Amino acid sequence: MLPQVKTILLAVDFSEAASPLAQYAKLFATKLSARLVVLYVSPSMNRYASLYVPATSIQALVEQILEGANRVMGEFMVEHFADAKATGRVEYGYAPEKIIEIAATTGADMIIMGTHGRRGVNRIPFGSVAEKVVKTAKIPVLTIRPE
């Protein structure tokens with residue numbers, strides 16, 4: 001007997017591939033009567049500290065990025081999940097680790113994500129974030145290649 005899927009974590013990067021991912025996630029959530037957690041992970045800016053960028057400047061930039069990401073997430077949720085059992089989250093950190101962490105804390109039974117993000121289809125045959133999540137996740141990961 002297959003385990004029940006009650007919560008699906010959808011990891012998005014707000015690229016053009018995010019809309020088809022949203023459609024797949026909504027389809028799965030609807031058919032499985034599961035709730036959706038839509039996650040965007042803002043990249044860590046810690047690497048810039050070694051370039052003598054003041055911590056206060058980095059912190060101010062991070063706050064602006066998170067504010068903008070929360071606004072985009074709100075729009076994304078209205079556009080794709082207004083009639084669904086879904087919540088949006090914006091987190092900050094190293095995407096593969098944060099996706100695994102949020103999947104665990106939300107009790108996700110499945111992760112849906114794209115195989116390619118903003119770095120381009122031609123550059124990376126299998127997206128590095130997706131690859132790391134697939135290799136480390138303890139739950140099923142459905143990866144969707146953008147068209």
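Fair warning: this is a prediction, and the values are worked out from it, not measured in the lab.

Examining helix α3 (residues 95-105)
At 3.6 residues per turn, the α-helix brings residues three or four places apart onto the same side.
Part 1 of the argument: Residues of α3 that are buried include every one of Ala95, Pro96, Lys98, Ile99, Ile102 and Ala103, and no others. All buried residues of α3 lie within an arc of 165° about the axis, which places them on one face of the element. Those residues of α3 that are exposed and aimed more than 90 degrees away from the buried face are Glu97, Ala104 and Thr105.
Part 2 of the argument: Check the buried side of α3 and you find it contacts β1 (7-12), β2 (35-42), β3 (86-92), β4 (110-114) and α4 (128-136).
Part 3 of the argument: The positive-phi residue at the C-terminal boundary of α3 is Gly107, with phi of around 70°.

Remarks on the sheet that holds β2
Part 1 of the argument: The sheet built from five strands is open, its strands ordered β3-β2-β1-β4-β5 with parallel pairing. Each edge of the sheet is formed by a strand with only one pairing partner; in this case those strands are β3 and β5 (141-144). Direction aside, the axes of adjacent strands within the sheet are offset by 20° on average.
Part 2 of the argument: When β1 meets β2, the two strands line up parallel, connected through six bridges.

Points about the packing of helix α1 (residues 18-32) against helix α2 (residues 55-81)
Packed helix pairs are specified by the crossing angle of their axes together with the interaxial distance, meaning the distance between the axes.
Part 1 of the argument: Packing of α1 against α2 leaves a shortest axis separation of 10 Å and a crossing angle of 50°. When the axes of α1 and α2 are compared, the pair comes out oblique. Judged by the sense of rotation from one axis to the other, the crossing of α1 with α2 is right-handed. Contacts from Ala18, Ser19, Ala22 and Lys26 of α1 reach α2 at Phe76, His80 and Phe81.

Let's talk about the confidence of the model for the protein chain
Part 1 of the argument: The share of residues in the protein chain with pLDDT of 70 or more is 92%, and the mean pLDDT across the chain is 89.
Part 2 of the argument: Confidence drops under a pLDDT of 50 for residues 120-126, and excluding neighbours within four residues, the segment shows 11 contacts in the predicted structure.

Observations concerning the side chain of Ser44
Part 1 of the argument: Within the fold, Ser44 resides in the loop between β2 and α2.
Part 2 of the argument: Dropping the residues within four chain positions of it, Ser44 is found in contact with Tyr92 and Gly93.

Some words on the packing of α3 against α4
Part 1 of the argument: It is the contact of α3 with α4, at a shortest axis distance of 9 Å, that shows an interaxial angle of 45°. The pairing of α3 with α4 is recorded here as oblique in orientation. Relative to α4, α3 is oriented so that their crossing is right-handed. Between α3 and α4, the residues in contact are Ala95, Pro96, Ile99 and Ile100 and Val129, Lys132, Val133 and Thr136, respectively.
Part 2 of the argument: Here the contact of α3 with α4 is composed, by residue class, of six nonpolar, one polar and one charged.

Analysis parameters
- Residues numbered from 1 in each chain as written.
- Predicted model: local features only at pLDDT ≥ 70, side-chain atom pairs only at ≥ 80, totals over all residues.
- Heavy atoms only, no water.
- Buried < 20%, exposed > 50% of the residue type's maximum accessible area, 1.4 Å probe, protein only.
- Helix = DSSP H or I, 4+ residues; strand = E, 2+ residues; numbered from the N terminus.
- Arc of directions from axis to C-beta.
- Contact = heavy atoms within 4.5 Å.
- Pairing = 2+ DSSP bridges.
- Axes fitted to C-alpha atoms, helices over the stretch in contact; angles between N-to-C directions.
- Parallel < 35°, antiparallel > 145°, perpendicular 65-115°, else oblique.
- Left-handed = near helix turned anticlockwise from the far one by under 90°.
- pLDDT = per-residue confidence, 0-100.
- Nonpolar A, V, L, I, M, F, W, Y, C, P; charged D, E, K, R; others polar.

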